[in-house]
Amino acid sequence: MPVSAEEPPNAKGERSQAVPPVGRPLITRVGPHTIHSLEYGTGDEVLVLIHGLSGSSRWWFRNIPELASRFRVLVPDLIGFGRSRVVGPLPTIRQVARLLARWVDTLDVEQVTPVGHSMGGQISIHFAAYAPERLKRLVLVDAAGIPRLMSPRALLRFAGEASPLWRWGDPSFLPVIAGDAWTAGPRVLLRALRNIQLDDVRPLLPQIRVPTLIIWGDRDRLVPIADGWELRRLIPDSRIAVLRGAAHNAMVDRPADFNRLLCRFIEGDPVGR
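The following paragraphs examine the structure supplied in this document. Just so we're clear, the structure is a prediction, and the values are computed from it rather than from any experiment.

What counts, and at which threshold
Residues numbered from 1 in each chain as written. Predicted model: local features only at pLDDT ≥ 70, side-chain atom pairs only at ≥ 80, totals over all residues. Heavy atoms only, no water. Salt bridge = Lys/Arg side-chain N within 4 Å of Asp/Glu carboxyl O. Buried < 20%, exposed > 50% of the residue type's maximum accessible area, 1.4 Å probe, protein only. Core = buried A, V, L, I, M, F, W, Y, C linked by side-chain atoms within 4.5 Å. Helix = DSSP H or I, 4+ residues; strand = E, 2+ residues; numbered from the N terminus. Axes fitted to C-alpha atoms, helices over the stretch in contact; angles between N-to-C directions. Parallel < 35°, antiparallel > 145°, perpendicular 65-115°, else oblique. Left-handed = near helix turned anticlockwise from the far one by under 90°. Contact = heavy atoms within 4.5 Å. Nonpolar A, V, L, I, M, F, W, Y, C, P; charged D, E, K, R; others polar. Phe/Tyr/Trp six-rings, centres within 6.5 Å; stacked < 30°, edge-to-face > 60°. Expected span 1.5 Å × (residues − 1).

So, about the pattern of salt bridges. A full pass over the atoms with the stated rule returns 15 salt bridges. Residue Asp257 pairs with Arg254 through a salt bridge whose shortest N-O separation is 2.6 Å. Judged by relative accessible area, which is 2%, Asp257 ranks as buried. Where salt bridges share partners, they join Arg24, Glu39 and Arg72 into one cluster.

Further remarks concern the nonpolar core. Core analysis: the largest hydrophobic core is formed by 52 residues, its most contacted members being Trp103, Phe127 and Leu231. With 8 residues, the single largest contributor to this core is helix H2 (residues 93–106). Among the nonpolar cores identified, the runner-up in size contains 33 residues, and Leu49, Val115, Val176 and Leu213 belong to it.

Further remarks concern the packing of H2 against helix H3 (residues 119–130). Orientation of H2 relative to H3, taken along the N-to-C sense of each, is 65°, at an axis distance of 8 Å. The angle between the axes of H2 and H3 places the two elements in the roughly perpendicular class. Crossing handedness for the pair H2 and H3: right-handed. Listed contacts from H3 to Ile93, Arg94, Val96, Ala97, Arg98, Leu100, Ala101 and Val104 of H2 are Met119, Gln122, Ile123, His126, Phe127 and Tyr130. Counted by class, the contact of H2 with H3 contains 10 nonpolar, 2 polar and 2 charged residues.

Before going further, it helps to spend a moment on the side chain of Ser124. Summarising the element assignment, Ser124 is placed in helix H3. Residue classification places Ser124 among the buried positions, given a relative accessible area of 0%. If we ignore the near neighbours within four places in the chain, the residues touching Ser124 are Ile50, Pro114, Gly116, Leu138 and Leu140.

In this section: unusual backbone geometry. Leaving glycine aside, a negative phi is the common case for residues, and trans is the common case for peptide bonds. Positioned with a positive phi, Ser54 is a non-glycine residue whose angle comes to about 65°. Structurally, Ser54 can be placed in the loop between strand S4 (46–50) and helix H1 (64–68). One non-glycine residue, Asp108, adopts positive backbone phi at about 55°. For Asp108, the location among the structural elements is in the loop between H2 and strand S6 (113–117).

All right, on to the packing of aromatic side chains then. Applying the stated rule across the entire model yields 2 aromatic pairs. With centroids separated by 6.4 Å and ring planes inclined at 50°, the aromatic side chains of Trp60 and Phe258 adopt a geometry described as tilted. Of this pair, Trp60 sits in the loop between S4 and H1 while Phe258 is found in helix H8 (residues 255–266), placing the two residues 198 residues apart along the sequence. When sorted by exposure, Trp60 lands in the same class as Phe258, which is buried.

Let us look at H2. Residues that lie three or four places apart on an α-helix share one face, since the helix turns once every 3.6 residues. With 14 residues, H2 ought to run about 20 Å at 1.5 Å a step, and its terminal C-alpha atoms sit 20 Å apart, in line with that. Every buried residue belonging to H2 is among Ile93, Val96, Ala97, Leu99, Leu100, Ala101, Trp103 and Val104, and all of these are buried. Buried positions along H2 lie against strand S2 (24–30), strand S3 (33–40), S4, strand S5 (72–76), H3 and helix H5 (174–198). Among the residues trailing H2, Asp108 stands out with phi positive, at a value near 55°.

A separate point is H3. A rise of 1.5 Å per residue sets the reference length of H3, with its 12 residues, at 16 Å; its end C-alpha atoms lie 17 Å apart and thus fit the reference within 8%. The buried count for H3 comes to 10 of 12 residues, which makes it a mostly enclosed element. Taken as a whole, H3 has its buried residues at Met119, Gly120, Gly121, Gln122, Ile123, Ser124, Ile125, His126, Phe127 and Ala128. For H3, the elements touching its buried residues are S4, H2, S6, strand S7 (138–141), H5 and helix H6 (225–234).

Turning next to the environment of Pro186. With respect to the secondary-structure elements, Pro186 resides in helix H5. Classification of Pro186 by relative accessible area gives exposed; the value is 64%. Considering only alpha carbons, one finds Pro186 and Ser54, 132 residues apart in sequence, at a separation of 9.6 Å.

Counting through the fold element by element, Val271 comes out in the segment after H8. Judged by its relative accessible area of 1%, Val271 is buried.

The following block contains the structure:
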């Protein structure tokens, strides 16, 4: 039966932190860049988990145990983040998407399902537009890509919305957020934020021809849920599922229910609305 578009919290508890299995490290040269990634699991279905701004592969550790028990899972550190250090100027959103497509080529994978969070969702949309034949499905999680007005007044309002720690979700995850932001450094973070704001994915959305699942946290104040519904409106074969009680990092705040939605979608069940 279809899953409700508004998923209530799992009564068994969402904040249990399963220890991820030990992944196989991959170091891949793509042009002037070296992409570090981890590989888990086996199977014909290949998921690529793509983190957002200031993130790393660590942002998916609550999801990997369940997903790797069913699928082959690839988890890259985007260029400039985690272990993938930047060489020269930080690539734009569009450039990162093309580098990821080349990275997938080096791994001898025919088709993948990108699961992109925030900036990673924005990159995944460009990936879908640039190399549609390489995608089997697409999953967008609290995805960026629809620009927001950034006047001084808007910046102040955004700072007020984002500053309370509870808006970032599970407090136990805050050390990971802070640690990965420190690793990236202010220069990379500011340039990546500028790249996000300069890009508008809306012209690309009608071109996406693969089944697409949009997952959003109903407490997200960093990327408004209205953006999720706009993605739903513009992507032809798409559905949206809203996770109640989740903030911007929906896969962290509600890992068990997030995994359940994702697995059902990959297995062909109708999810969301």
